[in-house]
Structure formats: structure tokens, C-alpha cells
Amino acid sequence: MNVRINHRWWSWGFRSTVMLYFLVLIVVPIAGIYTETFAAGWSSFVDNLQHPIAWKAVLLTVRLALVATVINALLGTMIAWTLVRYRFAGRSIVNSLIDLPFALPTAVSGLMILMLLGPRSLLGSWLNQLGIDAVFHEPAIVTAMVFVTFPFVIRSVQPLLEEMDVYEEEAAYTLGASRVRTFVRVILPSIMPGILSGAMLAFSRALAEFGAVVLVAGNIPGKSLVASVYIFGEVESDNTAGAIAVSVVLLTLSFILLWLISAVQMRRPSK
């Protein structure tokens with residue numbers, strides 16, 4: 001009897017701790033942002049959001065995040081395929097380095113990109129000779145977004161490729177299907193949920209990236225001022241309402257993406 005009572009207390013305490021953690025660190029801050037946003041009324045929120053600089057920053061962020069997501073979806077699928085289907089020297093090292101963007105502080109990531117594309121670097125000077133300004137322009141921002149979201153698609157596609165039944169491919173080859181047709185008709189449908197969920201996670205992460213982007217982005221509205229840098233600037237300028245309005249847009253987009261990711265994962269066929 002005492003064992004059952006102790007077990008119930010431990011179970012209740014564990015669940016209460018988890019719910020309190022979830023409530024204090026996630027629910028309360030999110031609710032606070034939405035409450036603060038609409039405290040002054042809907043018209044105030046719309047006015048802050050319709051500010052030309054704010055709206056251009058949001059549109060630029062969405063556009064560049066989409067570009068970074070497409071790049072990651074293509075490269076991530078290719079890299080996951082290579083790591084699962086081929087054996088080569090240094091494969092384990094490459095596989096471990098994929099998670100490096102998760103481990104590095106984002107400011108360090110931004111500094112690495114700044115050194116890579118800066119005018120004093122070999123690549124940066126070569127781009128300048130071609131008339132391409134990378135740093136403080138869109139190419140550097142996309143590079144930063146691609147780097148910090150690099151692992152998402154790879155880690156989403158890898159387990160699906162590992163779980164695939166090789167006999168399905170062999171059956172397609174036996175029936176005369178080419179490698180391209182086999183990939184499109186047999187392999188791609190099996191890994192598409194991983195590609196979509198990884199891409200949406202990468203897009204959501206790229207929308208709100210600040211640490212890596214702030215070092216390589218400029219402050220020209222519509223050209224190099226992204227939403228996260230705009231929010232930081234508005235907070236520094238003591239315009240909290242403007243910062244919160246843009247934050248709510250990014251937060252709402254993230255909620256929508258999380259819902260879509262859950263829907264995609266629920267439709268994933270069970271083995």
C-alpha cells in the first residue's frame with residue numbers, strides 16, 4: 001500500500017514539474033506576447049505591422065528563408081542519400097559534423113560566414129572581382145540561414161532511407177524501371193514526409209535566426225534588413241510595440257508550420 005502511495009506521489013510530482021516547466025517557459029511568454037500585442041487594439045497592431053520598414057523586413061525574411069529552405073531540401077536529401085547508401089573514408093566524421101550548427105553558438109556561425117565571405121577572404125575577394133557583394137547583402141544572409149538550418153532535412157530523411165525495404169527497389173529494377181524512374185516512383189514517395197517536415201523545420205528556424213544573421217546582414221530596408229534584426233533595432237529604440245508586432249507574425253508562422261509538420265508526420269506510412 002505504501003509503495004502504491006509513494007508511486008502516485010512520484011508520478012504526480014513528475015507530471016506537475018513537467019507541466020509547470022511547460023507553463024512558465026513556453027505558455028506564459030507566448031501568451032504575454034499576444035496579450036501585449038492586442039492590448040492597444042487591433043488597429044495599433046496593424047499600424048505597427050504596416051510600417052514600410054517592418055513589412056519589408058518580414059517579406060525579405062520570408063523570401064530569403066524560402067530560398068535557404070529550397071537549398072537545404074535539395075542538398076540535405078543528396079547528403080542523406082550519400083551517407084546512407086555509400087561507404088567511404090571519413091563517412092563517420094562527415095556524419096558527426098552535420099550536427100555542428102546545433103552545437104556552435106550562432107554568433108560564432110555568423111563570424112565564420114563573415115570570415116568566409118568577407119572582402120579580405122579568398123572567396124570574398126573573388127566575388128568582389130565578379131561584382132558580387134556578399135557580406136551585408138542577400139547572399140550572406142542566405143548562407144547564414146542555410147548553415148544554421150543545415151541538419152534538419154538530413155536528419156529527417158536519414159532514418160527513412162535506413163528503414164526502406166531494398167527489395168522494393170530491386171523489384172522495380174527487375175520490372176525494367178530505370179534508376180531515375182525507381183527513385184521518382186519508389187524512393188521519393190517514401191522519403192517525401194521527411195523532406196517536407198525537415199524543410200518546414202528549416203524554414204521556421206530560418207525565419208527567426210538572429211545570432212548568425214546579425215553579423216552579415218545590413219540595415220537597408222527591403223534589401224538587407226531582416227525581421228530578427230529589425231526586432232532587435234526596435235527594442236533598442238524603445239519601440240516595443242513595433243518589435244512585438246513583427247514578433248507575433250513570425251510566431252504565428254511558426255505555429256502554422258508546426259501544425260503542418262505534425263500533419264505530415266501523422267500521414268507518414270507506418271512500417
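Owing to the predicted nature of the structure, the values given are computational and were not obtained by experimental measurement. (Residues numbered from 1 in each chain as written. Predicted model: local features only at pLDDT ≥ 70, side-chain atom pairs only at ≥ 80, totals over all residues. Heavy atoms only, no water.)

(A) Structural view of the overall build of the protein. If you tally the helices and strands in the protein, you get 13 helices and 0 strands. Listing each helix as α and each strand as β along the protein from the N terminus yields α-α-α-α-α-α-α-α-α-α-α-α-α. Seen through its principal axes, the protein has C-alpha atoms that stretch 80 × 65 × 35 Å. Sorting the 271 residues of the protein into buried and exposed places 36% on the buried side. For the protein, the proportion of contacts with a sequence separation of at least 24, taken over those separated by at least 6, is 74%. Only carbon and sulfur atoms are counted for the fraction: they give 68% of the accessible area of the protein, which is about 16,400 Å². On the protein, the mean spot of the 18 positive side-chain charges and the mean spot of the 15 negative ones are 9 Å from each other. (Helix = DSSP H or I, 4+ residues; strand = E, 2+ residues; numbered from the N terminus. Buried < 20%, exposed > 50% of the residue type's maximum accessible area, 1.4 Å probe, protein only. Contact = heavy atoms within 4.5 Å. Areas by Shrake-Rupley, 256 points an atom, 1.4 Å probe, with all protein chains shown as cover. Lys, Arg positive; Asp, Glu negative; His and termini not counted. Charge placed at Lys NZ, Arg CZ, Asp CG, Glu CD.)

(B) Quick peek at the environment of valine 264. When you line up the elements, valine 264 lands in helix 13 (residues 240–266). Residue class for valine 264 comes out buried when judged on its relative accessible area of 18%. The sequence separation of valine 264 and isoleucine 132 amounts to 132 residues, and the corresponding C-alpha distance is 39 Å. In contact with valine 264, other than residues within four places in its own chain, are Pro193, Leu196 and Met200.

(C) Focus on the environment of leucine 60. Counting through the fold element by element, leucine 60 comes out in helix 3 (residues 52–85). Looking at leucine 60, the relative accessible area reads 3%, which means it is buried. Taking C-alpha positions, leucine 60 is 6.2 Å from glycine 222, a pair spaced 162 residues apart along the chain. Here leucine 60 is in contact with Glu138, Gly222, Lys223, Ser224, Leu225 and Val226, once residues within four sequence places are set aside.

(D) Examining the packing of helix 3 against helix 11 (residues 179–207) more closely. Contact geometry of helix 3 with helix 11 gives a least axis separation of 9 Å together with a crossing angle of 140°. Here helix 3 is positioned oblique relative to helix 11, judged by the angle of their axes. Handedness of the helix 3/helix 11 crossing: right-handed. Judged by residue contacts, Thr61, Val62, Ala65, Leu66, Thr69, Asn72, Ala73, Thr77 and Trp81 of helix 3 engage Phe183, Ile187, Ile191, Ile195, Ala199, Ala202, Phe203, Ala206 and Leu207 from helix 11. Residue composition of the contact of helix 3 with helix 11, grouped by class: 14 nonpolar, 4 polar and no charged. (Axes fitted to C-alpha atoms, helices over the stretch in contact; angles between N-to-C directions. Parallel < 35°, antiparallel > 145°, perpendicular 65-115°, else oblique. Left-handed = near helix turned anticlockwise from the far one by under 90°. Nonpolar A, V, L, I, M, F, W, Y, C, P; charged D, E, K, R; others polar.)

(E) Focus on the pattern of salt bridges. Evaluated as defined, the whole model comprises 3 salt bridges. Residue arginine 63 is joined to glutamate 138 by a salt bridge in which the shortest nitrogen-to-oxygen separation is 2.8 Å. Separated by 75 residues along the polypeptide, arginine 63 in helix 3 and glutamate 138 in helix 8 (residues 138–148) bring together distant segments of the chain. Between arginine 155 and aspartate 99 there is a salt bridge, with the nearest N and O atoms lying 3.0 Å from each other. Pair noted here: arginine 155 is in helix 9 (residues 150–163) and aspartate 99 is in the loop between helix 4 (91–97) and helix 5 (100–103), with a separation of 56 residues, a long-range link. (Salt bridge = Lys/Arg side-chain N within 4 Å of Asp/Glu carboxyl O.)

(F) Representation of unusual backbone geometry in the model. Here the phi dihedral of aspartate 238 falls at roughly 65°; this positive angle occurs in a residue that is not glycine. Along the chain, aspartate 238 falls in the loop between helix 12 (227–236) and helix 13. The exposed category is assigned to aspartate 238, whose relative accessible area is 66%.

(G) Region of interest: helix 6 (residues 106–117). Taking 1.5 Å as the rise per residue, helix 6 with 12 residues should run 16 Å; its terminal C-alpha atoms sit 17 Å apart, in good agreement. For helix 6, every residue scored as buried is listed here: Ser109, Gly110, Ile113 and Leu117. Along the axis of helix 6, the buried positions cluster into a sector of 100°, meaning they face one direction only. (Expected span 1.5 Å × (residues − 1). Arc of directions from axis to C-beta.)

(H) Fine view of a nonpolar patch on the surface. On the surface, Met19, Leu20, Tyr21, Phe22, Leu23, Val24, Leu25, Ile26, Val27 and Val28 cluster together into a nonpolar patch covering about 930 Å² of accessible area. Relative to the assigned elements, valine 27 resides in helix 1 (residues 2–38). Given the relative accessible area of 33%, valine 27 is considered partly exposed. (Patch = residues over 30% accessible without salt bridge, like charges linked within 9 Å, V, L, I, M, F, W, Y side chains within 5 Å.)

(I) The arrangement of the confidence of the model for the protein in detail. Considering every residue of the protein, the mean pLDDT works out to 84; 94% of them sit at 70 or more. Here helix 1 stands out as the least confident element of the protein, with mean pLDDT 75; helix 3 is the most confident, with 92. (pLDDT = per-residue confidence, 0-100.)

(J) Structural detail: the packing of aromatic side chains. As enumerated under the stated definition, the model contains 3 aromatic pairs in all. Ring plane angle 80° and centroid distance 5.8 Å describe the contact between tryptophan 81 and phenylalanine 183, whose orientation is recorded as edge-to-face. Here the residue tryptophan 81 occupies a position in helix 3, and phenylalanine 183 occupies one in helix 11, the gap between them amounting to 102 residues. The class for phenylalanine 183 is partly exposed, based on a relative accessible area of 28%. The interplanar angle of 45° and the centroid separation of 5.3 Å between the aromatic rings of phenylalanine 210 and phenylalanine 232 together place this pair among those described as tilted. One end of the pair, phenylalanine 210, is in the loop between helix 11 and helix 12; the other, phenylalanine 232, is in helix 12, with 22 residues separating them in the sequence. Taking the relative accessible area as the measure of exposure, phenylalanine 232 reaches 41% and is therefore partly exposed. (Phe/Tyr/Trp six-rings, centres within 6.5 Å; stacked < 30°, edge-to-face > 60°.)

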